[in-house]
Structure formats: structure tokens, C-alpha cells
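# Coordinate inspection notes
Next come the chains, spelled out residue by residue.
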Amino acid sequence: MDQHHPRQAWLLMAAGDNRGHGGNSGYDDQFDAHYSWDSNVPNHKKLNVGDPIALWDKDRLLGASVIEQIEISQGTKLLYRCPNCKTTRISERKRADPRYRCMRCRHEFSTPQADLVEVDLYRARYDAAWTPLDGLLEGQEIRSLAVHPGDINAMRPFDWAAFRQALLVKGAEPAINRVNLRADLLWPSERTVIEMPSGFTQALVRIRRGQGLFRERLLATQGSVCAFTGRAPARVLEAGHLYSYAQIGTHFEHGGLMLRRDIHRLFDDGMLAVNPQRARIDVAPELSIYTQYARLHGEPLNLTLRDEQVEWLGKHWEEHRTESPSRA
């Protein structure tokens, strides 16, 4: 993959075992974290780290993100073929008998021919930037945003500018802006090798330079604790900047807090803030309908703040609460 490739947005179909057609055995997608495919899929080599993506389930929009890592390994894939013409373009029918029909030769049959083939396996991770947009756009609206009209591939080029405009009309500007900011934070691809249980897997990764060290320092000083919700496994904690890294581009030593992933997103959007004078959590009214977040309102943070952190939280407060006074 060319590290200087022009950024392309992609629409990914995340329908679990129903993704694609009757000719494959499904994928192990977790649509809000990772997406899997193999070398039999059209466009399988074209996705790159840094590409924005939108996911849907054939009926509605699920969310958007930006690819932060692609793992590539070798494996096998179970395909199901038409006994007559051997294509995998077969459809499974729920009520008709015979159960299967070939979309190429129209042959109908009860049992497909199983074929285990060697393939390259791909998995894209994008959970760090995942932004839920459940049902904000319906299936037909999403189909109209494909770059190529009538494209039926599970992974198809997507008109990101038109997608952004459609979300703006729905009032989702903060959500789509966060995805764009995450995409801008990614640096050129660096090739590395990750040791997996099944062997060595090559991965193409774009990193925010210094982010790993920044997170290590926060973990060392703050522990495996979300500043808003308390103790949590380290794997679900992120190093959250108290300022816009996209604008400043620097990791300040005391410019962050360890935050649970959902808390991190809500803090970035200003849905959660901290009153710098009282060091108490402030929950935006529109978020207070959710019990798990409403109970945080007025609570103290789970650590003692440094002066630098108080200063950054004050600027965050001014940005997100100046026009909406605290209820704390």
C-alpha cells in the first residue's frame, strides 16, 4: 500500500453472517471495533489506513470511523459453490425449495458444493475513532452516496463529502467532525510485524507520533483508572487529551487523563465536562437521560488534578459550557 495514496472513503456492509451472499460462511465482524474480509472480496487490496469509513447493515447507518490499523495474515476460507457452474454467486432462499439458486446460471439445488480455499485474511481496526450514528440515514439514502451508482459490493467507494453534508442536515456535525479530526491525526503508514497466536502477521499501521509514550506516562502516573468512572481494565482506557491535539500537535506531559473509550468520545464532544473551580463532573442535559452518565453529574474526579490539568479543563469548560451554564 502506497503511504502517499489519496484518501478514499468506504462504505462497509456489516451484516454479520448475512453479509455478502450464500457463497461464503460469513465474517467475525464487531461492527463498532473491527471489520474482516478476505482476498476473494472485490476491492480487498484498496482499503488503507487513514481511510474514513461508514458502516451499514443494508437497512440503516450504524456509524462512522477511520481505519487505524490493518492486519494481514494467511488462512483458509470455506466457500459454497453452484454444483453446475462452480460460481460462488449463489443465493440462499428462506422459503423456496430447492433452497439455493445460482445467480449466474439460474440452477436451483438443495446442497451447495463446499470448497476450502487458501486466502489472505484482512482485519481493519477502527474502534479508537468509532462514532455511533445508528439509524441516522436509511438504506436508500446510503446507497445514493456510493461513488459508483448501482454498486452492490460489500466494500464500495463512498462519497464522503456528500455523506458529511447528509449528516449536517441531520444535525450530526460534531460527530462527523470528530471522525475527520481523527483521520487528520494519522501519519504516513509504517510497516511492522505483529506476533499473533497463529504466527506472525504483517500489519500496516499509521500512528499518532508519541501517542504510545503519552499513554504509557498517563497509565504510570494515574493507574488503570478512568478519571470519570473509576477503575477499569487498561485495554478499555485511552489517553485523552484535554485540548485539541489536531490544532496543537503536541503531547503535553500533564495535558491528559486516562478515560474509558465512551467517556473519551463524550468529553471530546463536550457532552461531559469538568467544572474547573469545583473539580466536579458536569453532564450535558441531553446526556442526562442515560442513567449511567446522569449519575456522574456533580461527582468528583477519581484523581487529584495538577495545576496544568485544571488549566486545560478550564479552557475545555469555556469552549463547551460558556453558553450553557453548569447545573452542578
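Everything below is about the structure printed above this text.
If you're wondering where the values come from, they're calculated on a predicted model, not measured in any experiment. (Residues numbered from 1 in each chain as written. Predicted model: local features only at pLDDT ≥ 70, side-chain atom pairs only at ≥ 80, totals over all residues. Heavy atoms only, no water.)

## Structural notes on the layout of surface pockets
Quick reminder of the rule: A cavity, in this analysis, means grid points on a 1 Å lattice covering only the protein atoms where a 1.4 Å probe fits yet has no way out; a pocket is instead an open set bounded by protein on both sides within 12 Å along at least five of seven lines, and a residue lines either one if it has an atom within 4 Å of a point. Grid points are joined across faces, edges and corners, and a volume is the space filled by probe spheres set on the points. By the convention adopted, Pro, Cys, Tyr, Trp, Phe, Met, Ile, Leu, Val and Ala count as nonpolar, Lys, Arg, Asp and Glu as charged, and the other residues, Gly among them, as polar.
Taken as a whole, the largest pocket encloses approximately 1000 Å³ of empty space. Considering the residues around the largest pocket, the lining is formed by 31 residues, among which Trp130, Thr131, Pro132, Arg178 and Arg265 are closest to the centre. The residue inventory of the lining of the largest pocket, partitioned by class, reads 15 nonpolar, five polar and eleven charged.

## A few points about the pairing of strand 16 (residues 237-241)
Regular strands place their side chains on alternate faces of the sheet. The condition that has to hold: The buried label goes to any residue with under 20% of its type's maximum accessible area, the exposed label to any with over 50%, and the partly exposed label to all in between, with areas taken from a 1.4 Å probe on protein chains only. In DSSP terms, a helix is any run of H or I states spanning at least four residues, a strand is any run of E spanning at least two, and both are numbered starting from the N terminus. Pairs of strands are assigned from DSSP output, requiring at least two bridges between the strands.
Summarising burial for strand 16: five of the five residues are buried, a large majority. Of the strand pairs in this sheet, strand 16 and strand 17 (residues 256-260) are connected by five bridges, and their pairing is antiparallel. Across the sheet, the residue bridging to Gly240 is Leu257, located in strand 17.

## Let's talk about the sheet that holds strand 10 (residues 131-132)
Quick reminder of the rule: In what follows, a contact means two residues having at least one pair of non-hydrogen atoms within 4.5 Å. Every angle, taken between N-to-C directions, lies between 0 and 180 degrees, and every axis is a line fitted to C-alpha atoms, over only the stretch in contact when it is a helix.
Here we have five strands laid out as an open sheet, ordered 10-4-3-1-11, and mixed in their pairing. The outermost strands of the open sheet, each flanked by one partner alone, are strand 10 and strand 11 (155-158). Here strand 4 (residues 61-66) pairs with strand 10 via two bridges, running antiparallel. Paired with Ala64 across the two strands is Thr131, which belongs to strand 10. Relative to strand 4, helix 2 (residues 160-169) is tilted by about 125 degrees, and along the sheet it contacts strand 1 (9-13), strand 3 (52-56), strand 4 and strand 11.

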